[in-house]
Every structure is written in C-alpha cells, then in structure tokens.
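# A structural walkthrough
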Amino acid sequence: MSELLGDDHWQRLDPRMLLVHPIRELFRFLPVLVGVFVAGTASGGQWHLIGVAIPVGLGVLRYLTTSFRITAGRIELRRGLLNRHVLSTPVDRVRTVDLTASPIHRLVGLTTVRVGTGTASTDDDDRLDLDGLPVDRARRLREALLHATPEAREQASSAGNARVVLRFDPAWIRFAPLTSSGLVIAAAVVGGLSQVLNSLGWFEHHDVRDLADPVTGTSPWLAVPLGLVALVAVVTALSIGGYLVTNWGFTVTHTRADGSWHLRRGLFTTRETSLDDERVSGVSITEPLGLRLAGGGRLSAIVTGLDRKQQGSSVLVPPAPRAVVLRTARAVLGVSGPVDAALTGHGPRARTRRFTRALVPACALGLAALMAYVFWDYPAWLANIPLLALAGGLALATDRTAALGHTLVEGYVVAGSGSLVRRREVLAVDDVIGWNFRSSWFQRRAGLTSLVATTAGGRQSVTVIDVPEDAAVVLAGDAVPHLVGQFTA
Amino acid sequence: MAGPGLREPSQRVSPRARLLWLLSATVQSLLVLGVLVLVGPVLDWVHLRWWEQAIAVVVLAAYVAVVPQWRYLVHRWEVTETAVYTQTGWWVRERRLAPMSRIQTVDYAEGAVARLFGLASVTVTTASAAGALEIAGLEQARARQLVDELTVKADTDPGDAT
C-alpha cells in the first residue's frame, strides 16, 4: 500500500526505458533509417549517424518529459515537452489495470501499466499508460489502485490465496484451425505474400498454367488437389501459430481476498488483466459452427467499464473443449443455473419465422438457378443448386430454432440463439439498465418481438430474438421489477 | 402465457413533426431519383425500361406519401416518476424503457431543419450505448420543459446511474 502513500512528488518511470524507447523508435523509423543509410553511404558523409541519433534522442526526451504521481486520491500522468499534457483521474474511478509486456520490455524486466477508467474517449492521448515500470512494482501498484477503498484494503490484507480456475492446455490447439480468426490470419498472410510476389514480378515469370504444362509432366488433376492440401496445411499452421502467440500460458485466477479476476496470456507479449468482481456482469458462451462440431467453444466476460478498444481483454477462455468452457462459466458466475438451465423455447410462431427467413432466400436462389438452366442453357449442374439451397436452408432453420430460447434463473437473464455462431448470453439482472422492444411489421403480425436488454458492458446489449410479446413483457417485468409494470395494459 | 401486453406511451409528438418528416422524405426521394436519372438517361450506365422507371417513381412517391404519416402514428413518449418510455420507427417499431435512476444525460437539440418548424428533440442517454432514448419532433417549449422535468427527476433518484 506504500505505493499510494507518501508519493506526493513527481516520479519518473523506470530508467531502463532508456533502453526500450530507442529500440522501439528504431523499429518505428526503420524504413526512414534504411533510406538514410543508403543515402549516407552513397554520399560518403556522416548522415547515417543522424539517422540513429534522432530516434535515440526522441527516446531520451520521452523518458525525461514523462512523469507520474499518486497524490490525494488522484493518479496523474504528465508528459510532453512542447505540448504539456497532464492526465488526472481519481483513484476510485479506476476500473481495470492491465499489465502488458512486449518482448523488449520482458528482456529488461519491465511492463506497461494501462489504467482503465472506462472512458468513452478513443484518443490515444487520453490513455493513462505508465509505460515502463519494473514488474513487481507494477503488480504492487495494480494492487494498490484496485483496492483504494479502506474496506477493500482491509480485506486484501487478511491473506487469501489465488484460486486457479483455468490453466492453458496445449491440447487445445486442435481447436485453433476451426475458428474464423485462423482463416483471417491465413487470408492476411496469403494476401500479403501474393502482393510481395506480385511486386517482385513472380507471376510474370511463373504462369500458373505452367503447373499444368504437359512438357513438365504435371497435370491439373494432380496440381489442384496438391495446391488445396498445401493451402489447408498453411492455414492450419498459421492459425495454430496465431493461437499460440495470443493464448500461450492462458491462466484465469480468482483472488477471494480482493474479489477480483486475474487473466494472463501471451507467448511473446504477455498481458495481465485484472477485473473487479463487481465489474463482471455476465458471460457469453460462443460456439462458431466449426468449433461446435468439434465439441469446442469459447467464453468471454461481459465487463462494465472496459473501453471499446480493450474488449479483447475480456476473453475468459480461448477456443477450448466445451466442458472447460462450461466449467469456467460456472466458476465465474458462482452459480450453475444460468449455464445449465434448459431454455424456454419461443413457440411455433418463432419457428415458422425461422423457416420463412431461411427458406425464402434459398427458394429465390434455387429458382434463379433453375431459370438460368432452363432458359439460358447454363450447365446441367446448376439444376442441383435448388436442392442444395433447400437442404441447407432447412438445416439452418432447424438448427436456429433449436438454439432459440430464454430464461431467468438465479438472478441472470439468459438468451440463446444462432446456428453459424451459437451464443448463450448470461447477464445479471442488476446490470440490466433498460429494455428495448424491437419488432418489424412482420414480427408484429406474428405477435413476436426482439427483446433487448441494454447494459454498460460487452456488446452493450443482450438480445432475446423473436420472443412472443407477452412472454417478453413477463421476462422484462420479472427481471427488473417496477419498470415495465406501469406501462402494461 | 397470456399476460398483459405493453401499451403505447401516452403522449404524441407535435403534429408539425409530420411536416418535418415529409420534408426529409421528399429530399431523400429526390436524391434517389437524382441518382437514378444520373446513372440511367444521363450517363447511360444502366438501361432502365419504362416500366422499371415507373415502378421506381411509384415506390418513391408512396414513400413520401405514406411514411411521414406512419411515423407520426408510431412516435409516442411518456415520462413517469420512475421511468422514461418511448416508441419510434415505422416499419420496424422500437419501444425503449429506461428507469429514471439510470439516466446519465439529457440532451436538447434543434436541428437546422427542425428549427424551421419550431421543433426540437430530446435525447436521454444511459450508460449503455444501445439504450439512448430519443424523442424527436417536440415543440420547442414542450421540449425545454421536458428537459427540466427529466433533469430534476433524474437528480432526485439516488444511485450513480451505472
């Protein structure tokens, strides 16, 4: 607690930042530096020294002009040489404290402390980042900031052990290729690679058709499957790599004494997030189709007071076996009802609507393909499309109907929906701010409505899709008494 | 499951709001029409047959004729001692409820066009980005009075509104 007391004077960050800043600036200025070096060597002068001196100078300047202090219940950060910038926030407004350590930071034993106050500002200048404190000092500071109130301090001092709720298991990487993020990484890398190859003129020298050249002896029947296998292998490798880099060492612990969750992850850049119990207003269990078929899922927390950019730090379980996800969800909520309870279905009208919405586009697509085949002599395989579309639409509608449901159990609103991405969202009733009843003309005709519980955390709302109107009013009324009741007729 | 349903909020917005919505619908339709004329006859990118043109004109005219009135029928609001309740939209109807204790800010805004008709809008925000309640098309005096009323009521309610 000494971190918060007797610190009236301005203090600098750790002097080891003098090493980190120049290296980082060097990386940032790398393209410019290369240019300066080439020009410098060519002209035979001392230009390249200036190229090194400027980034190093900037780093030193940043170190000398940045200081912070914690005084009279406020944390203040002062920086800038020409534009003096002082950020100040009351300590009891601090909601989250993130410790992030890049590989350079880790080499010299430092970490960045990001103090989150739940501000809506997205300006980087408005962030309270203490970039560069020794790891143990950063941890002490985090303790002090999160338990600034006297009661919390008292609780924290009555020793309590951290309970490990989740520990990373390398076997989970089997789920990595099944998420869309793996595909995104792969697409980005393949796209970037083809750009590079293109700019090097690779495609001009190597015609893709060469692969099928009878002279070299490869046929398209061999080349295409080989290419596909190679693509799948590359995508798999990249997504596994991405998964490991982000999630290696993923640990979730709960400290009873101070009542907060600690998340830690990362292979190269390690990241530690602390969430106050009170800030965790619910969880969201997500199962994209690929993960669901393989028996996996992932879990994130609905946290109030996280900035939009920090949403990534609310991941509680990366893609992992379903049993692990459910176990962690129960542990985080402290009750098992919201995770396990059967959901109340939304009845025949909601089911009809699911089928209409899936089958109308499918039929339109099928009809178009059929017409193309009949009237314009398109190839015969087009005639299969109506069947495929119909089958796909039916499967989708059935699956979506099965997922649809809601319940109110043990003080939590639970909403289930989705097929391609199945979700079960759990939100504490105390964190429901208000209700939106949204219904299109079609929904009104069917007597259905989409009930939206608004909240300050996560995606800002939890939606119960296509619930019968009277059931929506009952659910909203039971969850938040005295609000809906006065407007019922 | 047959319980009591949600009733409409009690207050209508100003009848002059129809003029406001009529004006904006007209402008929107003219813009769409302008784009159609530009890509069709002028630049000759798309060939629209006469009946396609006719359909476009009829749809836009129907939009101008029907939607402002429809909006006016839907838009309603109500403020009680403990809650704010609004209903907006036309094709998609949205009813929003927020307890007085969760209100964070009350905004009063006069758009440039709304001012022409002596109208203003009042927006009530909560800590959720998904939960702002807007009452558009109020007479200015009524809107100011509503802002005062809401500010007092939200202030007397204890709690930190998160």
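Small disclaimer: the values here were computed from a predicted structure and weren't measured. Counting starts from 1 at the beginning of each chain's written sequence and moves along it residue by residue. The lettering of chains begins at A and the numbering of ligands begins at 1, in the order of writing. Where totals are concerned, whole chains, interfaces and linings use all residues; where local detail is concerned, this predicted model gives features only for residues with pLDDT of at least 70, and gives and counts side-chain atom pairs only at 80 or more. Side-chain numbers come from the whole structure's heavy atoms, not from hydrogens or water.

## Points about the overall build of chain A
Helix and strand assignments come from DSSP, with helices taken as H or I runs of at least 4 residues and strands as E runs of at least 2, each series counted from the N terminus. Secondary structure assignment for chain A yields 16 helices and 20 strands. Buried, partly exposed and exposed residues are distinguished by accessible area as a fraction of the type maximum, computed with a 1.4 Å probe on protein chains only: under 20%, between the cut-offs, and over 50%, respectively. Each of the 489 residues in chain A was classed as buried or not, and the buried ones make up 43%. In this analysis, two residues are considered to be in contact whenever any of their non-hydrogen atoms come within 4.5 Å of each other. A separation threshold of at least 6 residues defines the contact pool for chain A, and within that pool the share at least 24 residues apart is 58%. Each accessible area is a Shrake-Rupley result for a 1.4 Å probe, and residues are judged covered by the shown protein chains and nothing else. As displayed, chain A has an accessible area near 24800 Å², and 63% of this comes from carbon and sulfur atoms.

## Quick notes on the sheet that holds strand β5 (residues 105-109) of chain B
Residues and elements named next belong to chain B. Within the open sheet, the three strands sit side by side as β5-β6-β7. Their pairing is antiparallel. At either end of the open sheet lies a strand with only one pairing partner, and these are β5 and β7 (133-139). Between one strand axis and the next, the sheet turns by 20° as a mean value, whatever way the strands run. A strand pair is defined by DSSP finding two or more bridges across the two strands. As a rule, the C-alpha atoms of each element are fitted with a line to give its axis, helices using only the stretch in contact, and angles between N-to-C directions run from 0 to 180 degrees.

## Here we look at the pattern of salt bridges
Residue and element names in this part refer to chain A. What makes a salt bridge here is a side-chain nitrogen of Lys or Arg within 4 Å of a carboxyl oxygen of Asp or Glu, nothing more. The full count for this structure, using the stated rule, is 22 salt bridges over all chains. Among the ionic pairs, Arg330 bridges to Asp340, the shortest N-O distance being 2.9 Å. Taken together, the residues span a long stretch of sequence, with Arg330 in helix α11 (residues 322-333) and Asp340 in helix α12 (residues 337-340) at a distance of ten residues. Given a relative accessible area of 29%, Arg330 falls into the partly exposed group. A relative accessible area of 42% places Asp340 in the partly exposed class. A cluster of three or more residues bridged by salt bridges with shared partners is formed by Arg139, Arg142, Arg264 and Glu272.

## Some points on the side chain of A:Thr89
Residue and element names in this part refer to chain A. Along the chain, the position of Thr89 falls in strand β4 (residues 85-90). For Thr89, a relative accessible area of 11% translates into the label buried. Not counting residues up to four positions away in its chain, the partners in contact with Thr89 are Gly73, Arg74, Ile75, Thr117 and Leu128.

## A word on the sheet that holds strand β16 (residues 412-417) of chain A
Residue and element names in this part refer to chain A. One open sheet holds the six strands; their spatial order is β14-β13-β12-β17-β16-β15, and the pairing between them is antiparallel. The outermost strands of the open sheet, each flanked by one partner alone, are β14 (315-321) and β15 (405-409). On average, each strand axis in the sheet is inclined to that of its neighbour by 15°, with strand direction left out of account. Examined bridge by bridge, β15 and β16 share five bridges and lie antiparallel to one another.

## Concerning a nonpolar patch on the surface
Residues and elements named next belong to chain B. Among the surface-exposed residues, Leu30, Leu33, Val37, Leu38, Val42, Leu43, Trp45, Val46, Leu48 and Val57 lie close enough to one another that they form a single nonpolar patch of about 910 Å² accessible area. Per-element tally for the nonpolar patch: the top contributor is helix α1 (residues 17-42), with five residues. Along the chain, Val46 falls in the loop between α1 and α2 (50-74). The class of Val46 is partly exposed, set by a relative accessible area of 41%. Patch definition: residues above 30% relative accessible area lacking any salt bridge, with like charges linked at up to 9 Å and the nonpolar side chains Val, Leu, Ile, Met, Phe, Trp and Tyr linked at up to 5 Å.

## With respect to the interface of chain A and chain B
On the side of chain B, 31 residues touch chain A, which itself brings 31 residues to the contact. Two parts placed together each lose some accessible area under a 1.4 Å probe, and the buried area is that loss summed for both. Across the chain A to chain B interface the summed buried area is about 2700 Å²; carbon plus sulfur atoms make up 60%. Three residues, A:Ile433, A:Phe437 and A:Phe487, lead the burial of chain A against chain B; their summed loss comes to 26% of the area buried on that side. Put simply, chain A and chain B have zero salt bridges between them.

## Structural notes on unusual backbone geometry
Residues and elements named next belong to chain A. Its identity as a non-glycine residue notwithstanding, Glu410 has a phi of 50°, on the positive side. Positive phi outside glycine occurs at His482, with the angle close to 70°. Mapped onto the elements, His482 comes out in the segment after α16 (469-479).

## Details of the nonpolar core
Residue and element names in this part refer to chain A. In these notes, a set of buried Ala, Val, Leu, Ile, Met, Phe, Trp, Tyr and Cys residues joined through side-chain atoms within 4.5 Å is what counts as a nonpolar core. Among the nonpolar cores identified, the biggest contains 32 residues, and Val283, Leu299, Leu316 and Val317 are the most heavily contacted of them. Counting only elements with at least two residues in this core, the list comes to β8 (162-167), β10 (260-265), β12 (280-288), β13 (296-303), β14, α11, β16 and β17 (421-428). Ranked by residue count, the leading element in this core is α11, at six residues. Both domains that furnish three or more residues to this core are identified here as domain 2 (170-247) and domain 3 (251-345 + 404-487). These domain boundaries are the output of an automatic or database domain assignment.

## Focus: the packing of aromatic side chains
Each aromatic pair joins two rings of Phe, Tyr and Trp (for Trp, the six-membered one) with centres within 6.5 Å, and gets the label stacked for planes under 30 degrees apart, edge-to-face for over 60, and tilted for any other angle. Tallied over the entire structure, the rule returns ten aromatic pairs over all chains. Arranged with centres 5.6 Å apart and planes meeting at 80°, the rings of A:Phe168 and A:Trp172 form a pair that is edge-to-face. Across this residue pair, the class does not change: A:Phe168 and A:Trp172 are buried. With centroids separated by 5.4 Å and ring planes inclined at 35°, the aromatic side chains of A:Trp441 and B:Trp91 adopt a geometry described as tilted. With A:Trp441 in helix α15 (residues 441-445) and B:Trp91 in the loop between β3 (83-89) and β4 (92-99), this pair bridges two chains. We classify B:Trp91 as partly exposed; its relative accessible area is 31%. Only Lys NZ and Arg CZ are tested; either one counts as a charge over a ring when it is within 6 Å of the ring centre and within 35 degrees of the ring normal. The ring of A:Trp10 is capped by A:Arg78, whose NZ or CZ atom sits 4.1 Å from the centre of that ring. When the ring centre of B:Tyr72 is taken as origin, the NZ or CZ atom of B:Arg12, which lies over that ring, is 5.4 Å away.

## Structural notes on α11(A)
Residues and elements named next belong to chain A. A helix is expected to reach a length of 1.5 Å times the quantity of its residues less one. Helix length check: α11 (twelve residues) gives 16 Å between terminal C-alpha atoms against 16 Å at 1.5 Å per residue, within 8%. Those residues of α11 lying buried are Val324, Val325, Leu326, Thr328, Ala329, Val332 and Leu333. Of the residues one or two after α11, Gly334 is the one with positive phi, at around 85°.

## Re the environment of A:Ala362
Residues and elements named next belong to chain A. Along the chain, the position of Ala362 falls in helix α13 (residues 347-376). Judged by its relative accessible area of 10%, Ala362 is buried. Spatially, the C-alpha atom of Ala362 lies 7.5 Å from that of Pro386, the residues being 24 residues apart in sequence. Excluding its chain neighbours within four sequence positions, the residues that come into contact with Ala362 are Ala389 and Leu390.

## Some words on α2(B)
Three or four residues apart is the spacing at which side chains of an α-helix point the same way, because the helix has 3.6 residues per turn. All names here are of chain B. Relative to the 36 Å expected for 25 residues at 1.5 Å per residue, α2 spans 35 Å between its end C-alpha atoms, a close match to the ideal helical length. The angle between axes fitted to the seven residues ending at a residue and the seven residues starting there is what we call the bend at that residue. The axis of α2 is deflected most strongly, by about 30°, at Val66, and proline Pro68 appears within four residues downstream. Listed in full, the buried residues belonging to α2 are Ala56, Leu60, Val64, Val67, Pro68, Tyr72 and Val74. Along its buried surface, α2 packs onto β1 (11-12), α1, β2 (76-79), β3 and β4.

## Some remarks on the layout of surface pockets
In this model, the second largest pocket occupies a volume close to 910 Å³. Classes in brief: Ala, Val, Leu, Ile, Met, Phe, Trp, Tyr, Cys and Pro nonpolar; Asp, Glu, Lys and Arg charged; the others, Gly included, polar. Here the residues of the lining of the second largest pocket are counted per class, giving eight nonpolar, ten polar and 13 charged. Each cavity reported here is a set of points on a 1 Å grid over the protein atoms alone in which a 1.4 Å probe fits but cannot get out, each pocket an open set with protein on both sides within 12 Å along at least five of seven lines, and each lining residue one with an atom within 4 Å of a point. Grid points are joined across faces, edges and corners, and a volume is the space filled by probe spheres set on the points.

## Things to note about the packing of α13(A) against helix α14 (residues 385-403) of chain A
Residues and elements named next belong to chain A. Where α13 meets α14, the axes come as close as 8 Å, and the angle between the chain directions of the two elements is 170°. Considering the angle they form, α13 stands roughly antiparallel to α14. With respect to the hand of their crossing, α13 and α14 are arranged in right-handed fashion. Seen from α13, the contacting residues are Arg351, Arg354, Phe355, Ala358, Leu359, Ala362, Cys363, Leu365, Gly366, Ala369 and Leu370; seen from α14, they are Ile385, Pro386, Ala389, Leu390, Gly393, Leu394, Ala397, Thr398, Arg400 and Thr401. Residue composition of the contact of α13 with α14, grouped by class: 14 nonpolar, four polar and three charged. Any angle that falls under 35 degrees is termed roughly parallel, while one over 145 is termed roughly antiparallel, one within 65 to 115 roughly perpendicular, and all others oblique. By definition, turning the near helix anticlockwise from the far helix through less than a right angle yields a left-handed crossing, and turning it clockwise yields a right-handed one.

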